[in-house]
Amino acid sequence: MLQGIHHVAIICSDYERSKHFYTHILRLEIVAEHYRAARHSYKLDLKLPNGNQLELFSFPDPPARPSRPEARGLRHLAFLVKSVDDVVAYLQQQGVMVEPIRVDEYTGRKYTFFQDPDGLPLELYEQDVTEV
């Protein structure tokens, strides 16, 4: 049946700010960008090195996402990285606030959290991508 995740969709409040964050800071590749005039909305297709995709949408006046206290539904997006320490150092150089690095009590792997411009929780999870 299910064979993987094709994409994850994100709605942002400021398209240009979020586009910059995901393409310049997180360095995701732009696959396609479309302006949908009937919806007054942009749709940006982004690709990670393993082929997984994110869709970035803009809509006029989207409601805020409740994050604290944590709400039901999607909790966060987690990205595989070879070195949490290296990516944290890079993000901090870019002015991104990152939580302290922790170790998963079950796997022994390092992980941490940061947020996109709209406060969407994003996780870095250390794992050799050849293990996936």
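Everything here concerns the structure above.
Analysis parameters
Residues numbered from 1 in each chain as written. Predicted model: local features only at pLDDT ≥ 70, side-chain atom pairs only at ≥ 80, totals over all residues. Heavy atoms only, no water. Helix = DSSP H or I, 4+ residues; strand = E, 2+ residues; numbered from the N terminus. Buried < 20%, exposed > 50% of the residue type's maximum accessible area, 1.4 Å probe, protein only. Phe/Tyr/Trp six-rings, centres within 6.5 Å; stacked < 30°, edge-to-face > 60°.

Draft legend 1. Representation of unusual backbone geometry. The backbone of arginine 27 sits at a positive phi, close to 60°, despite the residue not being glycine. Mapped onto the fold, arginine 27 is located in the loop between helix 1 (15-25) and strand 2 (29-36). Exposure remark for arginine 27: the relative accessible area of 60% places this residue in the exposed category. The phi dihedral of aspartate 61 falls on the positive side, at around 50°, and the residue is not glycine. Following the sequence through the fold, aspartate 61 ends up in the loop between strand 4 (53-58) and strand 5 (77-81). Residue aspartate 61 is classed as exposed on the basis of its relative accessible area of 76%.

Draft legend 2. Focus on helix 1. Among the residues making up helix 1, those that are buried are Tyr15, Ser18, Lys19, Phe21, Tyr22, Thr23 and Ile25. Directly after helix 1, the chain includes arginine 27, whose backbone phi takes a positive value near 60°.

Draft legend 3. Main features of the packing of aromatic side chains. In total, this model carries 6 aromatic pairs according to the counting rule given. Judged by centre distance (6.4 Å) and plane angle (45°), the ring pair of phenylalanine 21 and phenylalanine 114 falls under tilted. Here phenylalanine 21, found in helix 1, pairs with phenylalanine 114, found in strand 7 (residues 110-115); they are 93 residues apart in sequence, far enough to count as distant. Using a relative accessible area of 5% as the deciding quantity, one classes phenylalanine 21 as buried. Their ring planes at 90° and their centres at 6.1 Å tell us that tyrosine 111 and phenylalanine 113 sit as a pair that is edge-to-face. Put simply, the rings of Tyr15, Tyr35 and Tyr42 touch in pairs and so form one group of aromatic residues.

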